[in-house]
Amino acid sequence: MSRKILRINMSDQSAVYEDIPEKWSKWAGRGLTSAIVLDEVEPTCHPLGPNNKLVIAPGWVSGTPAAPSSGRTSFGGKSPLTGTIKESNSGGLSSKKIAKLGLAAIILEGEPQDGEWYQLAITKDGVEFKDASDLAGKGMYEVDEILWDQYPNKPAVIGIGPVGEKKLSNAGISVNDPEGKPGRYAGRGGLGAVMGARGVKAIVVDDEGGPGVDIADEDLLKQGRTKLRDAIMEHDLTKPDGGLNTYGTNVLMNIINEAGGLPTRNFSAGQFEGAADISGERVAEMVEKRGGEGMTGHGCHPGCIIQCSNIYPDEEGEAVVSVVEYETAWALGANCGIDDLDYVAEMTYQCNDLGLDTIEAGNTIAIAMEGGQIEFGDKEAALALFDEIREMSPLGRIYGQGVEATAKAFGVHRVPTVKGQSMPAYEPRAIKGIGVTYATSPMGADHTAGYTIAPEIAGVGGKVDPLDEEGKSDLSLTFQAATAFVDSTGYCLFIAFPILDISSGWEGMAESVAGVTGLDITGDDVIDIGKEILRMEREFNKKAGFTAQDDRPPEFMRYEKLPPHNEVWSVSDEELDQVYAWTNGK
Amino acid sequence: MHVEVRVFATLRRYLPELDIGEPKLLEVPQGTTLGEIREGLGLPIEEVKVIMRNNRQADEEDLAQDGDRITYIPAVAGG
């Protein structure tokens, strides 16, 4: 493997290409970002200070020919939102282009001595440092447009909105989509603020003339990716015209509502009377009715064969925003008591432009509602909160910090967070396994980190009762480990659904990784390799000061019964501590 | 007995007259299973991945009760 580490130091504006050292050489994607952060970032550093770093890494198979749905990029660092290690993952154009330049990872460190803003351009010829004062303060839609004018080869653009520039903890990192819009996000955990602390407004990546990705065993790669592709094309969820292609992730709105696990009005109920009006079926109906630029079945990165994204149109058929995901429609919708897709879409646009994670942003609005600043369901007032953020008023800056800071400002105690990150669109009291993931993942409350929803709700990868506590610590760990592996491959996590049900797909995924890297791995190694990654992340968190007391859901969920099932959080602390008991003493 | 049935996502094409989330009200005899109701509505078994009854997991063999809210769900998942 002749992959390089590109180390960009903003203190002296240097860009050095290093051979990937032996200790990191087996890793890519999340495994690599976590290994680098563990090695190079002091766990007790201030996340906004000079000693934090931003690590950007494509996955093992990213940039290889015909690897299906393999365009994911991992972003890593110490999270300003949680104080833990963070890996945040995005689609869009960046993964393939970074990989094809022969890069294993980009490490962004230091800070400009002159306090100025920079844009970086990474090409086969090296790194260009350019003054970005003409971009500073601008929203990502305008930034992406300007940069595609400046660099007409349709490069990847990795950027931060004004929220990241101000180093607010709910700042995400934007990656442009195939249409050149800032529609994809490494959203969770505030890594946009870490990029802001480096003085970098945007990174342009153009892979033209790049060396491409070395492949150790072409035949094994081909065999593996064919099996994986076949599984994706066969499974009802991921096949053409299947669930995800037709309705996107928002297919879940009505389903999770039906299960009584749709967090509503700041996690005060498990069903929302307006769920149908913000569902994936309603989005598809809007697209059908309004036509024009609207679409479902949109691909977020070149080479995706699932294509679950959408472009939401206004009444005239003009594109408002890509993408209205389930999490986004839920956070800005049900959790705020809002049932109007047009407002959800407009608020999504604001998040994309300002550079905010939509989950945390929606949950923040819900806190402002609970705190009495505005009313639950007041869609106009919710939209107006984004003006506050854009103005960077003191209250706007508080909103930009996410749920916990906003809750403190408003005296709200019903705070749905773990390790400082707010919960996504599944209520732990109604779906116990996902609650275990929220509590124990090194990432904070994170659903993709260990998506037990698959067996608990969807009947994918098995079938278990969501209301049952039994076996949920084992279940969550298995999913956390498998996910850590998939997050390192460069494949979209949604390949997990077919490969959990179709074993040849699972084998194929592992074989494709073995084929590219020359590593001696099969499907039997996936969980163990995933656990290695989790162990590194737990180690960082432990050194950062986290203990078992941080692997707990919020207090209010232990005593407040959630309708319709009227359940409280009932998984014991001992059971939660079982998830990572295997790391004790290590 | 009266039951109300909902279908979502790709199963909606079998009951196109219903709005999203709108239930179909049915009268069924005592002893009818959830699988028999599914058959009666023309929902192919291979397309129904999950059945819910009164917001809880249910199975084909379960007997319907008066007032049940039954939902048939195809393959779904997301983020």
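Participant: I'd like a rundown of the overall build of chain B, residues and numbers included.
Facilitator: For chain B, the count of helices and strands is one helix and five strands. Secondary structure of chain B in N-to-C order comes out as β-β-α-β-β-β. Projecting the C-alpha coordinates of chain B onto the three principal axes gives extents of approximately 35 × 25 × 20 Å. Every one of the 79 residues in chain B was classed for burial, and the buried ones make up 39%. Relative to all contacts within chain B whose residues are 6 or more apart in sequence, the contacts with residues 24 or more apart total 63%.

Participant: An account of the overall build of chain A is needed here, citing residue identities and associated values.
Facilitator: From N to C terminus, chain A includes 23 helices and 17 strands. If one aligns the C-alpha atoms of chain A with their principal axes, the spans along those axes are about 60 × 50 × 50 Å. Counting all 586 residues of chain A, 63% fall into the buried class. In chain A, 72% of the contacts between residues at least 6 apart in sequence involve partners at least 24 apart.

Participant: Could you give me a rundown of the interface of chain B and chain A, with the residues and numbers involved?
Facilitator: Contact with chain B, which involves 19 residues of that partner, is made by 33 residues of chain A. Sorting the residues of the side of chain B that touches chain A by element identifies strand E3 (50-53) and strand E5 (69-73) of chain B as the ones contributing at least two each.

Participant: Go over the nonpolar core, please, and point to the residues and values.
Facilitator: A:Ala105, A:Ile495 and B:Val76 are the most contacted members of the largest nonpolar core, which totals 196 residues. With eight residues, helix H18 (residues 472-489) of chain A is the largest single contributor of residues to this core. Beyond its immediate sequence surroundings of up to four residues, B:Val76 is in contact with A:Leu237, A:Gly243, A:Val251, A:Leu252, A:Ile255, A:Ala458 and B:Ala9.

Participant: Mind laying out the domain arrangement of chain A, listing which residues take part and the relevant values?
Facilitator: All names here are of chain A. Split by domain assignment, chain A resolves into domain 1 (4-205), domain 2 (250-426) and domain 3 (428-501 + 522-586). If you average the C-alpha positions of domain 2 and of domain 3, the two centres end up 24 Å apart. Taken together, the 24 residues of domain 2 in the interface contact 22 residues of domain 3. Taken together, the elements giving at least two residues each to the side of domain 2 that touches domain 3 come down to helix H8 (252-258), strand E16 (417-418) and strand E17 (421-422). Its residues assigned to classes, the side of domain 2 that touches domain 3 shows 13 nonpolar, nine polar and two charged.

Participant: Go over the environment of A:Ala458, please, and point to the residues and values.
Facilitator: Structurally, the position occupied by A:Ala458 is in helix H17 (residues 453-458). Setting aside its immediate chain neighbours within four residues, A:Ala458 contacts A:Ile453, B:Lys49, B:Val50, B:Val76 and B:Ala77.

Participant: Please provide a residue-by-residue account of the sheet that holds strand E1 (residues 4-9) of chain A, values included.
Facilitator: All names here are of chain A. Sheet architecture is open: six strands sit in the order E2-E1-E6-E3-E4-E5, paired in mixed fashion. Bordering the open sheet on either side are strand E2 (14-19) and strand E5 (85-90), each of which pairs with just one other strand. For this sheet the average axis-to-axis angle between neighbouring strands, irrespective of direction, equals 20°. Pairing of E1 with E2, which is carried by six bridges, proceeds in the antiparallel orientation. Within the sheet, the bridge partner assigned to Arg7 lies in E2 and is Val16. Sitting on the sheet, helix H1 (residues 29-40) is in contact with strand E3 (54-58), strand E4 (73-78), E5 and strand E6 (103-109), with an inclination near 20° to E4.

Participant: Go over helix H12 (residues 358-370) of chain A, please, and point to the residues and values.
Facilitator: All names here are of chain A. An ideal rise of 1.5 Å per residue puts 18 Å on 13 residues; H12 measures up with 18 Å between its terminal C-alpha atoms. Most of H12 is tucked away: 13 of the 13 residues are buried. Just downstream of H12, Gly372 is the residue with a positive phi angle, here 85°.

Participant: Before we move on, could you go through the sheet that holds strand E9 (residues 156-159) of chain A and cite the residues and values that matter?
Facilitator: All names here are of chain A. Pairing in this open sheet of six strands is mixed, and the strands run E8-E7-E12-E9-E10-E11 from one edge to the other. Looking at strand neighbours, the two that pair on one side only are strand E8 (126-131) and strand E11 (184-186), the edges of this open sheet. Across the sheet, the mean angle from the axis of one strand to that of its neighbour is 20°, orientation sign disregarded. In this structure, strand E7 (residues 118-123) lies alongside strand E12 (residues 200-205), joined through five bridges in parallel fashion. Within E12, the position partnered with Tyr118 by the bridge is Val200.

Participant: Explain the packing of H1(A) against helix H21 (residues 526-543) of chain A to me, using residue names and the numbers behind them.
Facilitator: Residues and elements named next belong to chain A. Closest axis-to-axis distance for the H1/H21 pair is 9 Å, and the angle between their directions is 30°. Taken together, the axes of H1 and H21 lie roughly parallel to each other. Classified by chirality, the crossing of H21 by H1 is left-handed. Between H1 and H21, the residues in contact are Arg30, Gly31, Ser34, Ala35, Val37 and Leu38 and Ile533, Met536, Glu537, Glu539 and Phe540, respectively. Across the contact of H1 with H21, the residue classes tally to six nonpolar, two polar and three charged.

Participant: Go over unusual backbone geometry with me, naming the residues and quoting the values.
Facilitator: Residues and elements named next belong to chain A. With an omega of 25°, the peptide bond between Ser322 and Val323 qualifies as cis. With respect to the helices, strands and loops of the structure, Val323 is situated in the loop between strand E15 (319-321) and helix H10 (326-331). Here the bond from Pro563 into Pro564 is cis, since omega is 5°, no more than 30 degrees from zero. Among the secondary structure elements, Pro564 is positioned in the loop between helix H22 (556-559) and helix H23 (573-578). The phi dihedral of Ala66 falls on the positive side, at around 65°, and the residue is not glycine. For Ala66, the position within the fold is in the loop between E3 and E4.

Participant: Report on the packing of helix H11 (residues 341-354) of chain A against helix H13 (residues 379-391) of chain A, specifying residues and quantitative values.
Facilitator: Residue and element names in this part refer to chain A. At their nearest, the axes of H11 and H13 sit 10 Å apart, and the two run at 10° to each other. Of the possible angle classes, the one that applies to H11 and H13 is roughly parallel. Along its contact with H11, which presents Tyr343, Glu346, Met347, Gln350 and Leu354, the element H13 presents Lys379, Ala382, Leu383, Phe386, Ile389 and Arg390.

Participant: Give me H1(A): which residues, what numbers.
Facilitator: Residues and elements named next belong to chain A. Taking 1.5 Å per residue, 12 residues should reach 16 Å; H1 reaches 16 Å between its end C-alpha atoms and fits that length. Taking burial as the measure, the 12 residues of H1 include nine buried ones, the bulk of the element. Restricting attention to buried positions, one finds in H1 the residues Gly29, Arg30, Gly31, Leu32, Thr33, Ser34, Ala35, Ile36 and Val37. Where H1 is buried, its residues contact E3, E4, E5, E6, H18 and H21.

Participant: Just give me the short version of the confidence of the model for chain B, but keep the residues and values in it.
Facilitator: Per-residue pLDDT for chain B has a mean of 96; in total, 100% of the residues score no lower than 70. Two summary scores accompany this predicted model of the complex, namely pTM at 0.98 and ipTM at 0.98.

Participant: Which residues make up the environment of A:Lys542, and what values go with them?
Facilitator: Tracing the chain through its elements places A:Lys542 in helix H21. On a C-alpha basis, the gap between A:Lys542 and A:Thr437 in space is 18 Å, while along the polypeptide they are 105 residues apart.

Participant: Just give me the short version of the pairing of E3(B), but keep the residues and values in it.
Facilitator: Residue and element names in this part refer to chain B. Of the strand pairs in this sheet, E3 and E5 are connected by four bridges, and their pairing is antiparallel. The partner of Met52 across the bridge, within E5, is Thr71. One ladder, built from three bridges, connects E3 with strand E4 (residues 56-58); its direction is antiparallel. Across the sheet, Ile51 pairs through a bridge with Ala58, a residue of E4. Linking two consecutive strands that pair antiparallel, namely E3 and E4, is a turn of two residues; a positive phi of about 50° is found at Asn54 within it.

The rules behind these values
Residues numbered from 1 in each chain as written. Chains lettered and ligands numbered in written order. Predicted model: local features only at pLDDT ≥ 70, side-chain atom pairs only at ≥ 80, totals over all residues. Helix = DSSP H or I, 4+ residues; strand = E, 2+ residues; numbered from the N terminus. Buried ≥ 20, exposed ≤ 12 C-beta atoms within 10 Å, placed from the backbone. Contact = placed C-beta atoms within 7 Å. Core = buried A, V, L, I, M, F, W, Y, C linked by C-beta atoms within 7 Å. Domains from an automatic or database assignment. Nonpolar A, V, L, I, M, F, W, Y, C, P; charged D, E, K, R; others polar. Pairing = 2+ DSSP bridges. Axes fitted to C-alpha atoms, helices over the stretch in contact; angles between N-to-C directions. Expected span 1.5 Å × (residues − 1). Parallel < 35°, antiparallel > 145°, perpendicular 65-115°, else oblique. Left-handed = near helix turned anticlockwise from the far one by under 90°. pLDDT = per-residue confidence, 0-100.

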